[in-house]
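Okay, here's what each chain looks like letter by letter:
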Amino acid sequence: MPIFYAYNSQPAAGQPGHKGTELLLLPYTKSPTIFQSPLDVGGPYLSQDPGLLAGKVSATAYFQAYGTSYRFGHCMFSTVAGESSQNNVPYLSSQLVTEGSIAAPSDTRVIRIEMMPFFARSSDPGCARYGYDCDPVSYFQSWGKTGGSVIFSDGHAKKETSAGQFDENAVNPEGRRSGEPSADASAWSRTWYSLCD
């Protein structure tokens, strides 16, 4: 699987040197706009992103800022220490993910739309499960009321309309479910979602 990058804004999307997983997929997708959702109306995080502020980049959509309206699942893409990065911070460890290592391809989420309606605080009180609609900083903005698109490792896509569906997706090659409990100290929500999404 391609190298994982997420939310890199130094430099922002469309500028020389930008790093994003979507750029590694361009030989196959042929067009960067395949990663632009018509639902992408931005989110509060964009106006606070230090990379965008430092670069004096004005972005009103995730696609403009990061090159994609979609979230690539961290555990489903390869990470390379010192190269893979999220929020402009390099990863310190490496992990190779191959298609052959995926236990349940038709159940394993690899890409999803950035904003799901059930990330709102009305569905996620205390910001405990998904980490979007929090105090004092909320990263949430509604991109629709009925759900969002999810792409699975076997290539099929579907619209998911509930947290229950979303939490049943496998999120790592071994088949751990998004909502499955995890005792890992890095799992801030105590689920595999916070380790792998």
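Treat the numbers as computed from the prediction; the structure is a model and nothing was measured.

So, how was this worked out
- Residues numbered from 1 in each chain as written.
- Predicted model: local features only at pLDDT ≥ 70, side-chain atom pairs only at ≥ 80, totals over all residues.
- Heavy atoms only, no water.
- Disulfide = S-S within 2.5 Å.
- Helix = DSSP H or I, 4+ residues; strand = E, 2+ residues; numbered from the N terminus.
- Buried < 20%, exposed > 50% of the residue type's maximum accessible area, 1.4 Å probe, protein only.
- Polar contact = N/O pair within 3.5 Å; in protein donor to acceptor, adjacent residues only side chain to side chain.
- Contact = heavy atoms within 4.5 Å.
- Salt bridge = Lys/Arg side-chain N within 4 Å of Asp/Glu carboxyl O.
- Phe/Tyr/Trp six-rings, centres within 6.5 Å; stacked < 30°, edge-to-face > 60°.
- Lys NZ or Arg CZ within 6 Å of the ring centre and 35° of its normal.

For the coordinates displayed, the defined rule picks out 2 disulfides. Paired by a disulfide, Cys75 and Cys196 hold their sulfur atoms 2.1 Å apart. Here the disulfide of Cys75 and Cys196 is left-handed, its torsion about the S-S bond being about -75°. Taken together, the residues span a long stretch of sequence, with Cys75 in the loop between strand 2 (70-72) and strand 3 (85-86) and Cys196 in helix 7 (residues 192-196) at a distance of 121 residues. Of the two residues examined, Cys75 and Cys196, each falls in the buried class. Each disulfide pairs two cysteine sulfurs, and for Cys127 the partner residue is Cys134, the sulfurs being separated by 1.7 Å. When sorted by exposure, Cys127 lands in the same class as Cys134, which is buried. With its disulfide-bonded cysteines labelled consecutively along the sequence, the chain is connected as 1-4, 2-3.

Glancing now at the side chain of Asn8. Following the sequence through the fold, Asn8 ends up in the loop between strand 1 (5-6) and helix 1 (21-24). At 2.8 Å, the side chain of Asn8 forms a polar contact with the side chain of Ser85. Setting aside residues up to four positions removed in sequence, Asn8 forms contacts with His18, Lys19, Ala65, Tyr66, Ser85, Gln86, Asn87 and Asn88.

Bringing the pattern of salt bridges into the picture now. Counting across every chain of the model gives 9 salt bridges. In this structure, Lys19 and Glu83 form a salt bridge, with 3.1 Å as the shortest nitrogen-oxygen distance. Here Lys19, found in the loop between strand 1 and helix 1, pairs with Glu83, found in the loop between strand 2 and strand 3; they are 64 residues apart in sequence, far enough to count as distant. Among the charged side chains, a network of salt bridges with common partners joins Arg109, Arg112 and Asp197.

Another point: the packing of aromatic side chains. This structure, assessed with the given rule, holds 19 aromatic pairs. Relative to Phe166, the ring of Phe119 lies with its centre 5.7 Å away and its plane at 75°, an arrangement referred to as edge-to-face. Of this pair, Phe119 sits in the loop between strand 5 (109-113) and strand 6 (148-152) while Phe166 sits in helix 6 (residues 163-168); the two residues are 47 residues apart in sequence, bridging distant segments of the chain. When the ring centre of Phe166 is taken as origin, the NZ or CZ atom of Arg109, which lies over that ring, is 3.8 Å away.

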